[in-house]
Amino acid sequence: MPVLIPALVLASLSLCAAPADARTRPDPVVKALARAAHPLSTTEPVDGMADLEPLGREIGGSVIVGVGEATHGSHQFFTLQDRIFRYLVANKRFTSFAREAGWNAGLRINAWLLTGRGDIRQIMREVFQSADRLWNNQEYLELFEWMRAYNLRHAEKVQFTGDDIYPVEPEIYTRVLAYAADDCPALYPAIAYLYRGHPTGSVLDATHEFRNLPQDQRLDFAGRAEQAYELLKTCHPSPDRTRFEWRVQDAHVIAQNTRYLSYDSETQLPQQDLYRDAQMAANLTWWHEHTGGKTMLAAQDDHVALVTDDPDYPRTEGSFLREQFGRGYLSIRTSFGGGSFVAFVNTSEFPPPVQVFPVGPPDPDSNEYTLDKVSCGDYFMDLRSVRPPASQWLTVARPTFDIGSVGPAYTSDAALGPSSDVLFYLHHVDAAHLLPA
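Residues numbered from 1 in each chain as written. Predicted model: local features only at pLDDT ≥ 70, side-chain atom pairs only at ≥ 80, totals over all residues. Heavy atoms only, no water.

Caption draft 1: Expanded view of the state of the cysteines. Following the criterion strictly, the structure yields one disulfide and no others. Each sulfur in the disulfide pair C184 and C235 lies 1.8 Å from the other. Negative torsions about the S-S bond denote left-handed disulfides, and the value of about -85 degrees found for C184 with C235 makes this one left-handed. Here C184 is found in the loop between α8 (170-183) and α9 (188-194), whereas its partner C235 is found in the loop between α11 (215-232) and α12 (241-262), with 51 residues between them in sequence. Both residues of the pair, C184 and C235, belong to the buried class. (Disulfide = S-S within 2.5 Å. Helix = DSSP H or I, 4+ residues; strand = E, 2+ residues; numbered from the N terminus. Buried < 20%, exposed > 50% of the residue type's maximum accessible area, 1.4 Å probe, protein only.)

Pasting the structure below:
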């Protein structure tokens, strides 16, 4: 049934404009950006999504849509991801929400979405402990509750996955070893020996302990984890081929995680970042192939981008996904003018405390300074359809808010046009609401 839109809302869909100074003509770049912009009625996941119809046309037949976030801790970026996902489920038959989060975290949350067994708050508290502590928030709790309610009403289920290779997740070792003991007993002694001294305990403690091992020990463990993965692949599975494939993927994630942490973050950071983004793309591809559903990926802007402007960050996850899926992958960048975000304090204290940091207004030489002049409230645009002179403006790298899990605010140079297909711009954001750790 078509959604009826009040006349006031319809009128608001054509209010994008370039503000004119009384003494000068409007900025031609801002004017061209305004012509390409579609007003966004809200970032909240509420009923009524007619304002996202242009996004549906821009997505077309894409099977993977990456939705970025310019901070790792702002309310509106998380709720916008929720809203876009609900639109994709309702209008584009998407069935999976992927997150830059641990693989085991994704499996545990997904089990709750499909069965309802357990307490989702407790699950989030247990799996989101390390760098992904910021995902343990009210915004994602409401997303997961909506997904569970959706599954109770529909035969075709929505699912959640974590495609990251960090942090350390001890529960994966337990699952692989139990599978080897039950289904590949001849291989179990060798796999158990290769995993000797494997991480145990909480995600937070295991990650901290493994990261602080001497590099030679981390390298040795990474080599043994890769051997265990290759060995498990030689198992002759029982009639349950699917179970075998998922346990092999578990072993692969262990190998990915230990290899990622074997790098020296001070001297090998570019190689470490390259490895991480390549493996995240591989895990998302594996998920897509084994579930068969269209997937929305939520991650930092840098990860979902098609290209990188940073020589120390060689390739993005988005570039690997574009290589794998071609135009079947669509990259959405987010940007904002100011506000606040929650993040870790840059300290040696473990675990580091979190606090709310202010940010903005944008500097005059930044991308956001110009984007903020488009006066139609929050908006989005297909960067591929922007006309001159803004199309040329989009090709130039300028300071752009690029805020991860650690505060305070910082920027990196980015050319918006080459980096993404679509841009969402929010004039103001607020700190996300973390749940108790």
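Caption draft 2: Structural detail: the environment of I254. Along the chain, I254 turns up in helix α12. Residues I254 and A149, spaced 105 residues apart in sequence, show a C-alpha to C-alpha distance of 32 Å. Excluding residues within four positions of it along the chain, I254 makes contact with I172, Y173, V176, Y195 and A225. (Contact = heavy atoms within 4.5 Å.)

Caption draft 3: Representation of the packing of helix α6 (residues 120-127) against helix α7 (residues 138-153) within the structure. At a minimum axis separation of 11 Å, α6 and α7 run at an interaxial angle of 130 degrees. Viewed along their axes, α6 and α7 adopt a mutual orientation that is oblique. When you trace α6 past α7, the crossing you get is right-handed. Contact residues: α6 offers I120, R121 and M124, while α7 offers Q138, Y140, L141 and F144. Broken down by class, the residue content of the contact of α6 with α7 amounts to five nonpolar, one polar and one charged. (Axes fitted to C-alpha atoms, helices over the stretch in contact; angles between N-to-C directions. Parallel < 35°, antiparallel > 145°, perpendicular 65-115°, else oblique. Left-handed = near helix turned anticlockwise from the far one by under 90°. Nonpolar A, V, L, I, M, F, W, Y, C, P; charged D, E, K, R; others polar.)

Caption draft 4: Highlighting the packing of aromatic side chains. On inspection of all chains with the given rule, the structure shows 23 aromatic pairs. Between W103 and W286, the ring centres sit 5.8 Å apart and the planes meet at 75 degrees, which makes this aromatic pair edge-to-face. One end of the pair, W103, is in helix α5 (residues 103-115); the other, W286, is in helix α13 (residues 269-291), with 183 residues separating them in the sequence. Seen in terms of ring centroids, W146 and Y150 are 5.4 Å apart; in terms of plane orientation they differ by 40 degrees. Their pairing is tilted. Here W146 pairs with Y150, and both are found in helix α7, just four residues apart, close to one helical turn. There is no split in this pair, since W146 and Y150 are both buried. Here a set of aromatic residues connected by ring pairs shows up, and it is made of F78, F85, F97, W135, Y140, F144, W146, Y150 and F160. (Phe/Tyr/Trp six-rings, centres within 6.5 Å; stacked < 30°, edge-to-face > 60°.)

Caption draft 5: Summary view of the pattern of salt bridges. Per the stated rule, a full pass over the model turns up 21 salt bridges. For R276, the salt bridge is made with D164, and the minimal N-O distance between the two is 2.6 Å. Of this pair, R276 sits in helix α13 while D164 sits in strand β4 (residues 159-164), and the two are 112 residues apart along the sequence. Two residues, R384 and D421, come together in a salt bridge whose shortest N-O distance is 3.9 Å. With R384 in the loop between β9 (379-382) and α17 (390-393) and D421 in the loop between α18 (416-419) and β12 (422-426), this residue pair connects regions lying 37 residues apart in the sequence. (Salt bridge = Lys/Arg side-chain N within 4 Å of Asp/Glu carboxyl O.)

Caption draft 6: Just the confidence of the model for the protein, in detail. Averaged over all residues, the pLDDT of the protein is 94; the fraction at 70 or higher stands at 95%. Per-residue pLDDT stays below 50 along residues 1-14; that stretch engages in seven contacts with residues further than four places along the chain or on separate chains. (pLDDT = per-residue confidence, 0-100.)

Caption draft 7: Quick peek at empty space enclosed by the protein. On inspection of all chains with the given rule, the structure shows two cavities of 30 Å³ or more. The wall of the largest cavity is formed by W103, D164, I165, Y166, P167, V168, E169, I172, Y173, V253, I254 and N257. Mapped by element, the contributors of at least two residues to the lining of the largest cavity are α8 and α12. No other element matches the three residues that α12 contributes to the lining of the largest cavity. Residues of the lining of the largest cavity, tallied by class, amount to nine nonpolar, one polar and two charged. There is about 30 Å³ of room inside the second largest cavity. Along its surface, the second largest cavity is lined by D363, D365, S366, E368, P399, T400, F401 and T411. With three residues, the single largest contributor to the lining of the second largest cavity is strand β10 (residues 398-401). In terms of residue class, the lining of the second largest cavity is built from two nonpolar, three polar and three charged. (1 Å grid on protein atoms, 1.4 Å probe; cavity = no way out; pocket = protein on both sides within 12 Å on 5 of 7 lines; lining within 4 Å. Points joined across faces, edges and corners; volume = space filled by probe spheres on them.)

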